[in-house]
Structure formats: structure tokens, C-alpha cells
Amino acid sequence: MRRSPAKLLAVTALALGTAFAGTAAADPPVVPGPQDIVSVGSQTTGSLLSQISADYNAHLASIGDTTSPRLHSFDSTGPSPITPRVGAPAILRPTAGGDGLAALNQPGSAVDSDRMDLPRQSSTPAADTFVAMAKDAVSWAAKSGGNAPANLTTAQLRNIYQCVVTDWTQIAPTLPSATIKPYLPQASSATRAFFLAAIGVNAPGACVTSGPGENQGVDPVLNDPNVLIPYSVGHYLGQTVGGHSTPADAAGPLTPRAINGVVPVSPTTSTINAPFVAGPFGRLVWNVVRQADWTSTGAKGTALRGIFGPSGWICTSEIAVIKSYGFLQLPSAACGSTA
């Protein structure tokens, strides 16, 4: 059943109010076959989908199933172009959710699913279906021991990214006098789009630098006491608590900070903080598929629903993995629902 993103968020918030309870990301080990399910897109859930793919394919092998389509997830970073499946032409590697959505909707696309961190937008093709997978939140991150404070308000973040506030002393006179360096991920990043919408910025100011990869602190430009950048809280916890970091996908010196006095990480559970995720910086993460494939009675439709649907592999067998990678499990009423 299709549900609006707002209704899914409400179901999740209700569940969180009553009960709140690796393996490195990589490309498929083989070129996917013609019948296999191919996923591309966001870096935020890339490592999670790689682990889910490995688990799902191992399960099929363990029960002697040699015919069902396998699930394969391409990372958002690495050599480009990629060959999405046997016999398909090479395509530029999608490096974010926006790129993945474009690849999914190309005529004759060999991509079956896009990892997406935004809900359906007015520009999203009507033929696409968003399937809910887990709960995440986005905060801002800065270098540990740097000049940034522990907390910024939504208004302060808006003023920073509109270049109205450019020095830390404009935030508080006790902070060092130094030029603030606001950064954003690449333009196709769904995390970027979500963060800017959450702080009320339509277009970032001229002082904002774009380009570093999503949710990592290993880029040398981010090792700066005056830098701040949006960051997925779930991905951060997967890197630091779940142990799913790699040399190219690690938090480095960055730590996520509070917004409006609410910390993004619970100090008692080391999970996404319930009050933070219940606010405007909480979001769902999705897998986007073509509606025609999702409703198909053939092998592809059966496989897609068997992986992403309410009774599918992710919602029934990957709960511990979702938590290990830093995200929050959706209640049964929301996981696998469509929008």
C-alpha cells in the first residue's frame, strides 16, 4: 500500500515514542546476470545494501536456490564507468541518490533500484515507487577540537549557509575569531538537498564550497578547525560504533553536533537520538524501483517484493544488520511500504 512520507514518519515517530530500542562497501564480486537485481545510488546506505546483498545471496545459496535473481549493489565511489549487468552497456557510476534516480529512469536501463535519502519530490517520475527501508537523521559535523561550537540553531545554520554569518564570533563572542568554512556534498547528493531544505536554504551562498563526498571525514579539506558539513547520523554510527568504516569511508576527525540543543546521538544507547530523529532533521531512507517492475507478476517483480517489500528479506531478516550500520528499524507498518 502506498503511504505518504508524512504518514510513514508519523508511524515511525509513534513507534519510537513507545519502544526505542563489518563488512566494507564494495562493488558486486561478479558482473550481475541478466535476471539479477541491480542497485546503485546514495552513499548513505551503500555499505548497508552491500551487506544486505551478501547476506541475501548467501541465503539463496544455503537453501540450494540457483535460479532466483540475486541482489547486487554498486558502491557510490570507485572506477567509472561500470557495467551494471552482463550484456548491458557501461554507464557512468552513480555517485549519489540523484544520479541513481537518473540512471534508473534512462530508457532501457539495466538498473533496477536506486538508494535514495529523499522522499518523493514533485520532479520525481510518477512511474517510480519509493519503498521505505529504515530511519536516519542528518546533522552537521565539524572537526573535534576545532573552533565550531557543540550546538547551532536552525537559524544559525541557515545564516551560515546563506553567508550572512561568516565568523564564529557572530555565533558567540567567546568563540575564536575565525572565518567559518561551510561545505556541502556534491550537487546530486540527496543528503545535501535534505539538509538545505531542513534549514530553509533554497540556494547556498557564495562562501559555501561544494564537492566532498557524502558522510566522510577523510577528505583533507575537511580536516580544518573551521569547516562544517552535513552528515548522516546513521552512517556516522555505522562507521564509528558498528565498525563499518574503510580507509575511504570513515568519519576521520569529524563529529556530529547538536541542532537547537538536541544532540543527534543518544549518550546512553549510542544510537540516533529519539528526540532528534522525531524532529525536522529525521528522515526515511528508501529504495526506489520502477512501478511496472514492482507490480509485475514475473520473476523481477517477485524478487523485488521478496527483497524490499513488507514481508521481504530486509524487513524480516536484516533487522540486526540495519542497526549495526547505524540506522533505526522501521515498525512493521512502515517497513516495505511504498510512497
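Residues numbered from 1 in each chain as written. Predicted model: local features only at pLDDT ≥ 70, side-chain atom pairs only at ≥ 80, totals over all residues. Heavy atoms only, no water.

A few points about the environment of Cys-207
Its place among the elements puts Cys-207 in the loop between α5 (190–199) and β7 (209–210). Considered as a pair, Cys-207 and Ser-76 are 131 residues apart in the sequence and their alpha carbons are 27 Å apart. (Helix = DSSP H or I, 4+ residues; strand = E, 2+ residues; numbered from the N terminus.)

Topic: the environment of Ser-266
Along the chain, Ser-266 falls in the loop between β9 (254–259) and α7 (274–277). A distance of 3.0 Å separates polar atoms of two side chains, one belonging to Ser-266 and the other to Thr-269. (Polar contact = N/O pair within 3.5 Å; in protein donor to acceptor, adjacent residues only side chain to side chain.)

Thoughts on the nonpolar core
Trp-140, Tyr-161 and Leu-228 are the most contacted members of the largest nonpolar core, which has 61 residues in total. Ranked by residues supplied to this core, first place goes to strand β4 (residues 128–143) with seven residues. Counting residues in hydrophobic clusters, the runner-up holds 23 residues, among them Ile-37, Ala-134, Trp-294 and Leu-304. (Core = buried A, V, L, I, M, F, W, Y, C linked by side-chain atoms within 4.5 Å. Buried < 20%, exposed > 50% of the residue type's maximum accessible area, 1.4 Å probe, protein only.)

Examining α5
When you tally the buried positions in α5, you get seven out of ten residues, the bulk of the element. Those residues of α5 not exposed but buried are Ala-190, Thr-191, Arg-192, Phe-194, Phe-195, Leu-196 and Ile-199. One side-chain oxygen at the N-terminal end of α5 lies 3.2 Å from the backbone nitrogen of Thr-191; it belongs to Ser-189. Looking one or two residues beyond α5, the residue adopting positive phi is Gly-200, at roughly 80°.

A few points about the pairing of strand β3 (residues 113–116)
The alternating pattern of β3 places Ser-113 and Arg-115 and Asp-114 and Met-116 on opposite faces, both of which are buried. With three bridges joining them, strand β1 (residues 37–41) and β3 adopt parallel strand pairing. Each bridged residue has a counterpart across the sheet, and for Val-40 the counterpart in β3 is Asp-114. (Pairing = 2+ DSSP bridges.)

A closer look at the pairing of strand β6 (residues 181–184)
For β6 and strand β8 (residues 227–232), the ladder comprises two bridges, and the chain directions are parallel. Residue pairing in the sheet places Pro-182 in a bridge with Leu-228 of β8. Alignment of β6 against β7, held across two bridges, turns out to be parallel. Note that in β7 the partner of Tyr-183 across the bridge is Thr-209. Each parallel crossover has a hand, and for β6 linked through α5 to β7 it is right-handed. (Right-handed = clockwise from strand over helix to strand, strands pointing away.)

Describing the state of the cysteines
Defined simply, a disulfide is a covalent bond joining two cysteines at their sulfur atoms. Considering all chains together, one arrives at two disulfides under this definition. The disulfide partner of Cys-163 is Cys-207, and the gap between their sulfur atoms is 2.1 Å. Here Cys-163 and Cys-207 share a disulfide; its torsion about the S-S bond, -100°, makes the bridge left-handed. Separated by 44 residues along the polypeptide, Cys-163 in the loop between α4 (154–161) and β6 and Cys-207 in the loop between α5 and β7 bring together distant segments of the chain. Counting only the cysteines that take part in disulfides, in the order they occur along the protein chain, gives the pairing 1-2, 3-4. (Disulfide = S-S within 2.5 Å.)

What to know about the packing of α4 against α5
The geometry of α4 relative to α5 is characterised by a closest axis approach of 9 Å and an angle of 115° between their N-to-C directions. Along its contact with α4, which presents Thr-154, Leu-157, Arg-158 and Tyr-161, the element α5 presents Phe-195, Ala-198 and Ile-199. Here the contact of α4 with α5 is built from residues that sort into five nonpolar, one polar and one charged. (Axes fitted to C-alpha atoms, helices over the stretch in contact; angles between N-to-C directions. Contact = heavy atoms within 4.5 Å. Nonpolar A, V, L, I, M, F, W, Y, C, P; charged D, E, K, R; others polar.)

Examining unusual backbone geometry
Between Ser-80 and Pro-81 the backbone carries a cis peptide bond, its omega angle lying at 10°. Along the chain, the position of Pro-81 falls in the loop between β2 (71–73) and α3 (97–104). With phi around 65°, Cys-163 is a residue other than glycine that occupies positive phi space. Its identity is not glycine, yet Asn-260 carries a phi of approximately 55°, on the positive side. For Asn-260, the location among the structural elements is in the loop between β9 and α7. Judged by its relative accessible area of 43%, Asn-260 is partly exposed.

Let's talk about the packing of aromatic side chains
Across all of its chains, the model carries five aromatic pairs by this definition. Relative to Trp-313, the ring of Tyr-56 has its centre 5.8 Å away and its plane inclined at 65°; by these criteria the two rings are edge-to-face. Of the two residues, Tyr-56 is situated in helix α2 (residues 46–62) and Trp-313 in helix α10 (residues 313–317); the sequence distance between them amounts to 257 residues. What makes Tyr-56 buried here is its relative accessible area of 9%. Taking the relative accessible area as the measure of exposure, Trp-313 reaches 15% and is therefore buried. Geometrically, the ring pair formed by Phe-130 and Trp-286 is edge-to-face, given 5.8 Å between the ring centres and 80° between the ring planes. Of this pair, Phe-130 sits in strand β4 while Trp-286 sits in strand β10 (residues 282–290), and the two are 156 residues apart along the sequence. Like Phe-130, the residue Trp-286 is buried in the burial classification. Directly above the ring of Phe-194 sits Arg-283, whose terminal nitrogen or CZ lies 5.6 Å from the centroid. (Phe/Tyr/Trp six-rings, centres within 6.5 Å; stacked < 30°, edge-to-face > 60°. Lys NZ or Arg CZ within 6 Å of the ring centre and 35° of its normal.)

Notes on the pattern of salt bridges
Summed over all chains, the structure comprises nine salt bridges. We note a salt bridge from Asp-224 to Lys-181, for which the minimum N-O separation is 2.8 Å. Note that Asp-224 is positioned in the loop between β7 and β8 and Lys-181 in strand β6, a separation of 43 residues in sequence. Residue classification places Lys-181 among the partly exposed residues on the basis of a relative accessible area of 34%. Between Arg-290 and Asp-293 there is a salt bridge, with the nearest N and O atoms lying 3.0 Å from each other. With relative accessibility at 18%, the residue Arg-290 sits in the buried group. Salt bridges sharing common partners tie together Arg-85, Asp-112, Arg-290, Asp-293 and Lys-300. (Salt bridge = Lys/Arg side-chain N within 4 Å of Asp/Glu carboxyl O.)

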